[in-house]
Amino acid sequence: MNNLRLAVLEGNRKTIVRVDHLAIGEGFTVIAGPCSVENEKQTIETAVAVKKAGADALRGGAFKPRSSPYAFQGLGLKGLKILKKAKEETGLPIVTEVVDSRDVSWMCEYADILQIGARNIQNFSLLKEVGKARKPVLLKRGMNSTIEEWLNCAEYILDGGNADVILCERGIRTHEKYTRYTLDLSAVPAIKELSHLPILVDPSHATGKVSLIPSMCLAAVAAGADGILVEVHINPEEALCDKEQSLTPGQFKEVMTRLRALQVFMSGS
Ligand code: PEP
Ligand code: MN
């Protein structure tokens, strides 16, 4: 990790990223919501449901970096306006992905946290641009990135002058095919010994399967993660994106109950 300057751990200093009432890196933060913003009803209903179950922030993509050019690409500005409305209704801060460096400055009006997706992690012009932004950045791990490469991507953002970087482990490519990717939970304690940055876990994209997500949410707590990012859809059957890995609000509520109980157990109180 010779080239790292700003991302490395020095002493006990931990980065706490503050967004509205949230302090990411302190306690356990739950970011939940649909893969993509499809329409106002779906987004607001999902936002209300995840808020009620105890989520701390709403996720939802308005720009979707899809593997196929023929797949739903997101609603763009219209989607961002819907997210803004969802925030007005629920008070939940908004996490949304930016895919193009030309969109960074104007998207800051709608996003509380700018997400950089796994497919864009080494888009260095995008990293430099979010480095200049005055909004926190949630940096997913690339599906093919080593921990060192990932931290170097964070370094680009930090070096650009933006200290508010949140890492997110979302699974890496291995030879395993049953799961969508392989959730590298060892990245959580590894990041903790290498860096002061907070780290979240995304069990949705890592497993690609609703049946596996609850266990991996709990495993994220046990591994010492600072939170999770999880996909929830009001009606997964009809989701335009990632339907196989979207929890229903009921499933999410159940996860939240178990997760909060595990947190209490782990804190020893
Ligand atoms: C997402 O969060 O919807 C997403 C596309 O994630 P990733 O970049 O990790 O695939
Ligand atoms: Mn998704």
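Data block above holds the structure.
Residues numbered from 1 in each chain as written. Chains lettered and ligands numbered in written order. Predicted model: local features only at pLDDT ≥ 70, side-chain atom pairs only at ≥ 80, totals over all residues. Heavy atoms only, no water.

## Quick notes on the packing of aromatic side chains
Part 1 of the argument: According to the stated counting rule, one finds 3 aromatic pairs in the structure shown.
Part 2 of the argument: Between phenylalanine 63 and tryptophan 106, the ring centres sit 6.2 Å apart and the planes meet at 75 degrees, which makes this aromatic pair edge-to-face. One end of the pair, phenylalanine 63, is in the loop between strand E4 (57-59) and helix H2 (77-90); the other, tryptophan 106, is in helix H3 (residues 104-107), and 43 residues separate them in sequence.
Part 3 of the argument: Accessibility expressed as a relative area gives 31% for tryptophan 106, which makes it partly exposed.
Part 4 of the argument: Members of the aromatic cluster, connected to one another through ring pairs, are Phe63, Trp106 and Tyr110.
Part 5 of the argument: The cationic tip of arginine 170 hangs over the ring face of tyrosine 181; the distance from NZ or CZ to the ring centre is 4.2 Å. (Phe/Tyr/Trp six-rings, centres within 6.5 Å; stacked < 30°, edge-to-face > 60°. Helix = DSSP H or I, 4+ residues; strand = E, 2+ residues; numbered from the N terminus. Buried < 20%, exposed > 50% of the residue type's maximum accessible area, 1.4 Å probe, protein only. Lys NZ or Arg CZ within 6 Å of the ring centre and 35° of its normal.)

## With respect to helix H9 (residues 249-267)
Part 1 of the argument: Between its first and last C-alpha atoms H9 spans 27 Å; for 19 residues at 1.5 Å apiece the expected length is 27 Å, and the two agree.
Part 2 of the argument: The set of residues buried in H9 consists of Pro249, Phe252, Val255, Met256 and Leu259. For H9, the buried positions fall inside an angular range of 105 degrees around the axis, keeping them on one side. What points out from H9, more than 90 degrees from its buried face, is the exposed set Lys253, Thr257 and Phe265.
Part 3 of the argument: Tucked into the core, H9 has its buried residues touching strand E3 (29-33), helix H1 (40-53), helix H8 (213-223) and strand E10 (227-231).
Part 4 of the argument: Of the residues flanking the end of H9, it is glycine 268, one or two places downstream, whose phi is positive at about 75 degrees. (Expected span 1.5 Å × (residues − 1). Arc of directions from axis to C-beta. Contact = heavy atoms within 4.5 Å.)

## Considerations on the coordination of the manganese ion (ligand 2)
Part 1 of the argument: Distances from the manganese ion (ligand 2) to its protein donors, Cys35 (SG), His205 (NE2), Glu231 (OE) and Asp242 (OD), fall within 2.0 to 2.4 Å.
Part 2 of the argument: Between consecutive donors of the manganese ion (ligand 2), the numbers of intervening residues give the motif C-x169-H-x25-E-x10-D. Of the two residues, cysteine 35 is situated in the loop between E3 and H1 and glutamate 231 in strand E10; the sequence distance between them amounts to 196 residues.
Part 3 of the argument: Residue classification places cysteine 35 among the buried positions, given a relative accessible area of 3%.
Part 4 of the argument: The exposure class of glutamate 231 is buried, given its relative accessible area of 1%. (Donors = N, O, S within 2.8 Å, 3.2 Å for Na, K, Ca; no water.)

## A closer look at the pattern of salt bridges
Any two side chains of opposite charge can pair, so long as their charged atoms come close to each other.
Part 1 of the argument: The tally for this structure, following the rule as stated, stands at 15 salt bridges.
Part 2 of the argument: Residue arginine 18 pairs with glutamate 26 through a salt bridge whose shortest N-O separation is 3.6 Å.
Part 3 of the argument: Classification of arginine 18 as exposed rests on a relative accessible area of 53%.
Part 4 of the argument: Taking the relative accessible area as the measure of exposure, glutamate 26 reaches 44% and is therefore partly exposed.
Part 5 of the argument: Between lysine 85 and glutamate 40 there is a salt bridge, with the nearest N and O atoms lying 2.8 Å from each other. Here glutamate 40 lies in helix H1 and lysine 85 lies in helix H2, a separation of 45 residues in the sequence.
Part 6 of the argument: In this structure lysine 85 comes out as partly exposed when scored by relative accessible area, which is 34%.
Part 7 of the argument: Overall, the relative accessible area of 37% leaves glutamate 40 in the partly exposed class.
Part 8 of the argument: When salt bridges with common partners are traced through the structure, they connect Asp20, Lys87 and Asp112 into a single cluster. (Salt bridge = Lys/Arg side-chain N within 4 Å of Asp/Glu carboxyl O.)

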